[in-house]
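# Remarks on the overall topology
Spelled out, the chains give:
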Amino acid sequence: MFDFLTSGQYDVLGAFWVTVQLTLYSAIGSLIWGILLAGMRVSPVPLMRAFGTAYVNTVRNTPLTLLILGCSLGLYQTLGINLGGDTSKEAGFRLAVLGLIAYTGTFVCEALRSGINTVPVGQAEAARALGLSFFQVLRLIVLPQAFRAVVGPLANVLIALTKNTTVAATIGVAEAALLMKEMLENEADALFAVFGVFALGFVLLTLPTGLLLGWVAKRVAVKR
Amino acid sequence: MSGVSVTKDVQDAAGAADDLVVLSNVNKHFGALHVLQDIDLSIARGEVVVVIGPSGSGKSTLCRTINRLETIDSGTITLDGKELPSEGKELARLRADVGMVFQSFNLFAHKTVLQNVMLGQLKVRKTDQAAAHAKALSLLERVGVASQADKYPAQLSGGQQQRVAIARALAMEPKVMLFDEPTSALDPEMINEVLEVMQQLASEGMTMVVVTHEMGFARSAANRVVFMADGKIVEEATPEQFFSNPRSDRAKDFLSKILHH
Ligand SMILES: Nc1ncnc2c1ncn2[C@@H]1O[C@H](COP(=O)(O)OP(=O)(O)O)[C@@H](O)[C@H]1O
Ligand SMILES: [Mg+2]
């Protein structure tokens, strides 16, 4: 029943490796983009606040499939933007990462913003009173405390991101979901086995993330 | 302005030569509430001014305008002869010269006591690590909490936290220290340990603006008591005069309430 694993016809591990890479690059990018967006949303500059709010509300409510297709059809096929990926395979991977960052960044931003709300105003006031600049207050005082408060929610974002990488299949990135689709077509008699293998694969990726970050969340919590 | 031999008389536009903080004709509103009304107040170098008055009279707001945590609608505030800058780097530099101690301590919760006292030195004054460390330790020694240096604020008592907060402000070598009800959030048995530190600062010549209802402190450390009510300065006097013989009815009424509880 699990012949498809040993037949050598499918590279299941390879496909999951692409999933892991998609997740890693997107996670790092989303974290940076999310911090920038959160910075804009709490900034004293009205224009930045307006941009942050408009961006988050638009992108967060757009289906991910649309964003990723937009990256591929709009940026790549229409405008020829390949993000430095020479082959169309490479370009597809990079565009998928771009779409995932654009989307996941909004969730990181909102998680962080709720974290920022847990930091008492007095913390920022004391920091300003010392003569720290807006960016120093954010970087040294507010964000570190905000992060500690939202490790749990950020873990959920990471888990959702891991699963969302499957949307990259719609533009042909050879990650786990694309291989699964191919296998389901070829191995119709082992339908449930194929499903099982891929479901297990994702659980193996996400479960440790949740456990590890749950432990971290407890360790870094700020005591008041 | 060039720094070359400007005579005292020329500088004088903002007030007497040795006035460190000068508020003139300051007004501020919170929406419809006129929280500061035509405030004129000059604080001389080395002077200790106690601000007293009923809750909601604008004492905290007054304090906070001096380092521009609150903006003002009209009037001027000068520090050491210079008007408060409104934004950016200049403002940050001004704030570094004005120490502030809050009612709720506001120690940085994710940093140790030592890091709290080092942070401003490292990031604002750009002091090197070793010097900042040494200074932080000696300040913690001075306020009597050196043994707690590696703990986090939440592990300290309120009195200890407030003394660390004072050390944190002193680490910037401020020209003036603002205290907004520094002992109001403390259990009674911890009030004295904080007042003693403030008392010592006052006797060393620090310029201080202290919002407090601690009459013992006002009597022994203050040069002047400023009584506020409804956003106005109603009365200014020496502590002796003010507590034994207040002139205004508002002050008499207020004192009778806090004296006989
Ligand atoms: N940020 C604010 N927004 C609106 N009203 C405020 C704000 N801060 C203080 N107030 C109001 O201004 C008045 C004076 O407050 P405050 O300066 O804190 O008085 P005090 O310190 O003398 O008790 C109060 O009525 C208070 O409710
Ligand atoms: Mg107050």
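- Chain B carries the name Arginine ABC transporter ATP-binding protein in an unreviewed UniProt entry, which gives Streptomyces virginiae as its organism.
- One UniProt comment on chain B, placed under Subcellular location (unreviewed entry), says "Cell membrane".
- Under the Sequence similarities (unreviewed entry) heading, UniProt states for chain B: "Belongs to the ABC transporter superfamily."

### Let's talk about the confidence of the model for chain B
Residues and elements named next belong to chain B.
- In this model, chain B carries an average pLDDT of 92, and 93% of its residues clear a pLDDT of 70 or more.
- Long-range and interchain partners of residues 1-15, a stretch whose pLDDT sits below 50, account for five contacts in this model, where long-range means more than four residues apart.
- On the interface metric, ipTM, the complex scores 0.89, and its pTM is 0.86.

### Some thoughts on the UniProt feature "domain: ABC transporter" (unreviewed entry) in chain B
- The UniProt record marks residues 21-255 of chain B with the feature "domain: ABC transporter" (unreviewed entry), using the residue numbering of this structure.
- Segment residues 21-255 of chain B splits into 39% helix and 26% strand. End C-alpha atoms: 27 Å apart.

### Things to note about helix H2 (residues 59-66) of chain B
Residues and elements named next belong to chain B.
- Within H2, seven of the eight residues are buried, which leaves it mostly tucked inside the rest of the structure.
- Residues Lys-59, Thr-61, Leu-62, Cys-63, Arg-64, Thr-65 and Ile-66 constitute the buried set of H2.
- In the stretch just after H2, Arg-68 is the one whose phi turns positive, near 60°.

### What about the interface of chain A and chain B?
- Across the boundary between the two partners, chain A contributes 19 residues, which contact 23 residues of chain B.
- Around 1800 Å² of area is buried between chain A and chain B when both sides are counted, 63% of it from carbon and sulfur atoms.
- The interface formed by chain A and chain B holds one salt bridge in total.
- When the shortest N-O distance is used, the salt bridge between Arg64(B) and Glu125(A) registers 2.6 Å.

### What about the pairing of strand S8 (residues 207-211) of chain B?
Residue and element names in this part refer to chain B.
- Among the five residues of S8, five are classified as buried, and the element is accordingly described as predominantly covered.
- Residues Thr-207, Val-209 and Val-211 point to one face of S8 and Met-208 and Val-210 to the other, with burial holding for every one of them.
- Relative to S8, strand S3 (residues 48-52) is paired through four bridges, and the arrangement is parallel. Paired with Val-48 across the strands is Met-208, a residue of S8.
- Of the strand pairs in this sheet, strand S7 (residues 176-180) and S8 are connected by five bridges, and their pairing is parallel. Counted as the bridge partner of Val-176 is Thr-207 from S8.
- With helix H7 (residues 188-203) bridging S7 and its parallel neighbour S8, the resulting β-α-β unit is right-handed.

Thresholds applied
Residues numbered from 1 in each chain as written. Chains lettered and ligands numbered in written order. Predicted model: local features only at pLDDT ≥ 70, side-chain atom pairs only at ≥ 80, totals over all residues. Heavy atoms only, no water. UniProt positions renumbered as here; feature names shortened; annotations may be inferred. pLDDT = per-residue confidence, 0-100. Contact = heavy atoms within 4.5 Å. Helix = DSSP H or I, 4+ residues; strand = E, 2+ residues; numbered from the N terminus. Buried < 20%, exposed > 50% of the residue type's maximum accessible area, 1.4 Å probe, protein only. Buried area = accessible area lost by both parts, 1.4 Å probe. Salt bridge = Lys/Arg side-chain N within 4 Å of Asp/Glu carboxyl O. Pairing = 2+ DSSP bridges. Right-handed = clockwise from strand over helix to strand, strands pointing away.

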